[in-house]
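Analysis of the macromolecular model
Here is what each chain is made of, one letter per residue.
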Amino acid sequence: MTCASCVGRVDRALAAVPGVQSVAVNLATETATITLDDRRITAAQLADVSTKAGYPAVAAEPDQTSVNAARKADEAAVLARSTLFAAALALPVFILEMGAHLVPAFHHVIADTIGVQTSWIIQFVLTTLVLFGPGRVFFAKGLPALFKGAPDMNSLVALGTGAAWTYSVVATFLPTLIRADVRAVYFEAAAVIVVLILLGRLLEARAKGRTGAAIQALMGLQARQARVLRDGTLVAVDVDALVVGDIITLRPGERVPVDGTVTEGSSPVDESMMTGEPVPVVKTTGDALTGGTVNGQGGLTFAATRVGKDTTLAQIIRMVTEAQGAKLPIQDVVDRVTLWFVPAILLLAVLTVAVWLAVGPDPTLALVAGVSVLIIACPCAMGLAVPTSIMVGSGRAAEMGVLFRKGAALQQLADVSVIAFDKTGTLTAGKPHLTDLVLADGFDRADVLRLAAAVEAKSEHPIGAAIVNAARAEGLGAAQVSDFRAIAGFGVSATVDGRRVLIGADRLLARDGIATGALAATETALAERGRTALFVAIDGQAAAVIAVADPVKPGSAVAIAALKAKGMKIAMITGDKRETAEAIAREIGIDHVVAGVLPDGKVAALDQLRVQGKIAFVGDGINDAPALAHADIGIAIGTGTDVAIETADLVLMSGDVRGVVNAVAVSQATMRNIRQNLGWAFGYNLALVPVAAGVLYPVFGLLLSPVFAAAAMALSSVSVVSNALRLRRLRPVMDEKPPQPTVNRGTAHQPAA
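Along each chain, residues carry numbers from 1 onward, in the same order as the chain's sequence is written. In view of the model being predicted, local features appear only for residues whose pLDDT reaches at least 70, and side-chain atom pairs are presented and counted only at 80 or more, with totals across whole chains, interfaces and linings using the full set of residues. Hydrogens are left out, water is left out, and the side-chain values use all remaining heavy atoms of the structure.

**Quick look at the UniProt feature "domain: HMA" (unreviewed entry) in the protein chain**
UniProt positions are given in the numbering used here, feature names are shortened, and annotations may be inferred rather than shown by experiment. Here, UniProt's "domain: HMA" (unreviewed entry) annotation points to residues 1-58. For residues 1-58, the end-to-end C-alpha separation is 13 Å, with 38% helix and 22% strand making up the annotated structure. Secondary structure elements follow DSSP: runs of H or I of four or more residues count as helices, runs of E of two or more count as strands, with numbering from the N terminus.

**Some words on the sheet that holds strand β20 (residues 569-573)**
For two strands to pair, DSSP has to find at least two bridges joining them. Taken together, seven strands build an open sheet; the order of strands is β12-β24-β23-β22-β13-β20-β21 and the sheet is mixed. Every interior strand has two partners, whereas the edge strands, β12 (402-404) and β21 (592-594), have only one. Across the sheet, the mean angle from the axis of one strand to that of its neighbour is 20 degrees, orientation sign disregarded. Relative to the sheet, helix α23 (residues 578-588) contacts β20 and β21, its axis offset from that of β21 by approximately 155 degrees. Axis definition: a line fit to C-alpha positions, over the contact stretch in the case of helices; interaxial angles, taken between N-to-C directions, run 0 to 180 degrees. Note on contacts: a residue pair qualifies if any of its non-hydrogen atoms lie within 4.5 Å across the two residues.

**A word on helix α18 (residues 445-456)**
The terminal C-alpha atoms of α18, which comprises twelve residues, lie 16 Å apart, in line with the 16 Å expected from a rise of 1.5 Å per residue. Think of it in three bands: residues with accessible area under 20% of the maximum for their type are buried, residues over 50% are exposed, and the middle band is partly exposed, with areas taken using a 1.4 Å probe on protein chains only. With nine of its twelve residues buried, α18 lies for the most part within the structure. Turning to α18, its buried residues are D447, V448, L449, L451, A452, A453, A454, V455 and E456. Multiplying one less than the number of residues by 1.5 Å gives the expected span of a helix.

**Describing the sheet that holds strand β9 (residues 288-289)**
The strand order β4-β3-β5-β11-β6-β9 describes an open sheet built from six strands, whose pairing is antiparallel. Strand pairing shows two members of the sheet lacking a second neighbour, β4 (233-238) and β9, which therefore form its edges. Sheet analysis places strand β5 (residues 247-250) next to strand β11 (residues 300-306), joined by four bridges and oriented antiparallel. Within the sheet, the bridge partner assigned to I248 lies in β11 and is F302.

**Some words on the UniProt feature "transmembrane region" (unreviewed entry) in the protein chain**
In the UniProt entry, the feature "transmembrane region" (unreviewed entry) is given for residues 78-100, 120-143, 155-178, 184-203, 337-359, 365-386, 678-697 and 703-725. A helix fraction of 91% and a strand fraction of 0% characterise residues 337-359, whose end C-alpha atoms lie 31 Å from each other. Between the C-alpha atoms that bound residues 703-725 there is a distance of 34 Å. The span itself is 87% helix and 0% strand.

**A word on the environment of A44**
Relative to the assigned elements, A44 resides in helix α2 (residues 43-52). For A44, a relative accessible area of 52% corresponds to the exposed category. Along the primary structure A44 and A57 are separated by 13 residues, whereas in three dimensions their C-alpha atoms are 8.9 Å apart.

**Digging into the side chain of T388**
In this structure, T388 sits in helix α15 (residues 379-399). With near-sequence residues (within four places) excluded, T388 lies in contact with A28, N677, V720, V721 and A724.

**Concerning helix α6 (residues 136-147)**
Across its twelve residues, α6 extends 17 Å between first and last C-alpha, which sits within 8% of the 16 Å expected from 1.5 Å per residue. For α6, every residue scored as buried is listed here: F138, F139, G142 and A145. Buried residues of α6 fall within an arc of 155 degrees about the axis and therefore sit on the same side. Residues of α6 that are exposed and point more than 90 degrees away from the buried face comprise R136, A140 and F147. Starting at the helix axis, one direction is taken to each C-beta atom, and the arc is that of these directions.

**A short note on the packing of helix α1 (residues 4-15) against α2**
Close contact between α1 and α2 brings their axes to 9 Å; oriented N to C, the two are set at 135 degrees. Classified by the angle their axes make, α1 and α2 are oblique. Like other packed secondary-structure pairs, α1 and α2 cross with a definite hand, here right-handed. Here V10, A13 and L14 of α1 lie close against α2, whose contacting residues are L46, V49 and S50. Residues are sorted three ways: Asp, Glu, Lys and Arg are charged, Ala, Val, Leu, Ile, Met, Phe, Trp, Tyr, Cys and Pro are nonpolar, and all the rest, Gly among them, are polar. When the residues that make up the contact of α1 with α2 are grouped by side-chain class, the tally is five nonpolar, one polar and no charged. Any angle that falls under 35 degrees is termed roughly parallel, while one over 145 is termed roughly antiparallel, one within 65 to 115 roughly perpendicular, and all others oblique. Two helices crossing with the near one rotated counterclockwise from the far one by less than a right angle form a left-handed crossing, whereas a clockwise rotation gives a right-handed crossing.

**Comments concerning the packing of helix α12 (residues 329-338) against α15**
Each pair of packed helices can be summarised by the angle the axes make with each other and by the distance between the axes. One way to put it is that α12 packs onto α15 with a least axis distance of 10 Å and a crossing angle of 170 degrees. When the interaxial angle is binned, α12 and α15 end up roughly antiparallel. Where α12 approaches α15, its residues I330, Q331, V334 and T338 are matched on the opposing element by M382, V386 and P387. Here the contact of α12 with α15 is built from residues that sort into five nonpolar, two polar and no charged.

**A word on the pattern of salt bridges**
Here a salt bridge means any side-chain nitrogen of Lys or Arg lying within 4 Å of a carboxyl oxygen belonging to Asp or Glu. In the structure shown here, the tally under the stated rule is 21 salt bridges. Residue R450 is joined to D447 by a salt bridge in which the shortest nitrogen-to-oxygen separation is 3.6 Å. Here the residue R450 and the residue D447 both occupy positions in helix α18, the gap between them amounting to three residues, near one helical turn. For the salt bridge of R578 with E582, the shortest nitrogen-to-oxygen distance reads 2.8 Å. Here R578 pairs with E582, and both are found in helix α23, just four residues apart, close to one helical turn. Here R578 falls in the partly exposed class, since its relative accessible area comes to 37%. The network of salt bridges with shared partners includes D447, R450, D497, R499 and D539.

**Points about a nonpolar patch on the surface**
Patches draw on residues past 30% relative accessible area with no salt bridge. Two like charges within 9 Å are joined, as are two nonpolar side chains (Val, Leu, Ile, Met, Phe, Trp, Tyr) within 5 Å. Reported accessibility uses the Shrake-Rupley method at a 1.4 Å probe radius. Residues are deemed covered only where the shown protein chains occlude them. A surface patch of nonpolar side chains, about 540 Å² in accessible area, is lined by I121, V125, L129, F173, L174 and L177. Considering every element that reaches the nonpolar patch, the biggest residue donor is helix α5 (residues 116-132), with three residues. Among the secondary structure elements, L174 is positioned in the loop between α7 (153-173) and α8 (187-211). Exposure remark for L174: the relative accessible area of 45% places this residue in the partly exposed category.

**Focus on a positive patch on the surface**
Side chains of K566, R672, R675, R726 and R729 sit close together on the surface and give a patch of like positive charge. With respect to the helices and strands, the residue R729 is situated in the segment after α29 (706-725). Charge assignment: positive for Lys and Arg, negative for Asp and Glu; neither His nor the chain ends contribute. For this purpose, a charge sits on NZ of Lys, CZ of Arg, CG of Asp or CD of Glu.

**Section: the pairing of strand β3 (residues 225-230)**
Relative to β4, β3 runs antiparallel, the two being bridged by six bridges. Within β4, the position partnered with V228 by the bridge is V235. From the end of β3 to the start of β4, which pair antiparallel, there are two residues, and D231 there has a positive phi angle of about 55 degrees. Here β3 runs beside β5; their pairing, made up of two bridges, is antiparallel. Following the sheet pairing, V228 is matched in β5 by I248.

As structure tokens, this is what we get:
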């Protein structure tokens, strides 16, 4: 595809296939992403539909970044050779014709030596070689598209250069058909136009090749080989050949090839590419390893748990690739306009020629104006305005640790006016520790803590982990657990050593008709001190209140302050007690608190907040999934549960809420860049197409040369792509401490083959 008109035609051809639910065609990535509701349709069939529409396509995997990068490099190399060859042929043509116009003495030299007719014949030969050599691509693609009634940018170039060449051929070889006083040739216009447009495409191809730098950097984190234990022997195998369960060994300094669990050894591992923390994390037996991280000074043996496309790094690459190929809502407006752009330019060119022939002082000026209109119009700038900014913006966001899972979120986040946060694990560290255990009469501390820890060992909630850790620290033994149930918004229940145990909020005990008695006042007092307090009931009796403290994340307060400084309204929605929630909210500067709500209560709270504007919700747990799905923008903490991440529109890899500030900044900067590109692309065409048609001639006597029209057209696309590339210089608004180099460009040793 070469311009926005191509995008519209591919889109229509694919959308017309029965069973196609949606189509997103991207000019910058030269891809089409199709959603089907009929599994019988194959990708190969869809590729054939595009091919028959005039745009050859192949079915490919979503993350073909390395293949695309190589193809772009080859394309740029071919364009470079074509441009140089065309320039070498066009230069003598330009000198022979324009030299005679600019320097009268040069005209006399030509007339007295080779003669004007010979000069025109030389120009004809060289220009013909340019048009049907390097420039044949415009005719090979543009004329068939024109005959199909679907003209594109190639059609405009082919018609413009073809008209200039044809008129010049007639003037050269059939001079009697044209009046002597208006007889002239425009070979230099046709030749130089081809050179300039090829040069523009070369610069554009090189610039577009840099837009995928973030993906290339991420792919560079993937190891190529691993040493695997096979039949009792260590062998080096390609990472693609690994299977779940393979036992892999790591030497110091090697990159972890796939996700896994440590089975032997202890070593610090650099996880900065995932978490942003430059301080290595010591990994030992039972700990998880992530593919792409770098082993430190020790040796490790681990079992592969996720391989190939299932690894965390592969999923990150896939998310970023899909976001870069996404179609934003703003693109629909552009597509509707550009669909009719080329036909409108063709009509305007015909009208321009007709008007100049009717009222112009010189018939040859009609050709000049008509060709200039055809050449100066640039639908490719309009087609590139949005997707190039998306590619660069989402890629830069990934380098900051912000992954846009859904492309539309890149646009929608810029319009958010309310951001609501979950508390535990989002604003707080999610690593609480036990602070209080207040018993009811008749219960033993060790017995209650042992039973509670046995139940919470089955839970994913960080508060449960605090109880389990406290029991381990006190050396309490294990217990037999059965019938475990997690009751969303209430708590958990299980049978432990034959005794029924409930742990949760007061509403859990109330639901089962268990009175809290004197413990109710204790729980309220603890909550007012910022503790999260839970009731423990054993065999139908309130046994204790367990309180844990979850420290606020270091960056939460500054992040909230930064968002409020942007004029955003901030809320906290939590299932915790109001007293606890308000204590945390006071500490970090949140004014609006919704506390004590179940998961569906979070959804209702979002609906109430939505009257103030578009709303984003930030959360990390299973109980946050409904709110993440219901909000206009769901933002998941990357250290949270898989359910939350899968439900969200974007993911903060580091788990630091300062990433929300950076995400908003990237979104706003990208949308600002898109508006700049669209303003330039549309403004360029609206301003210069009339100039090319000759609106300045009656007043100022100025008529734009087709050569200058070609230069302007070539530069318009390059300007759009270059402006999008400025997004690569974006810096995080808030540097997370320590800094977050999500894409680690350092080197690491690879296993020898």
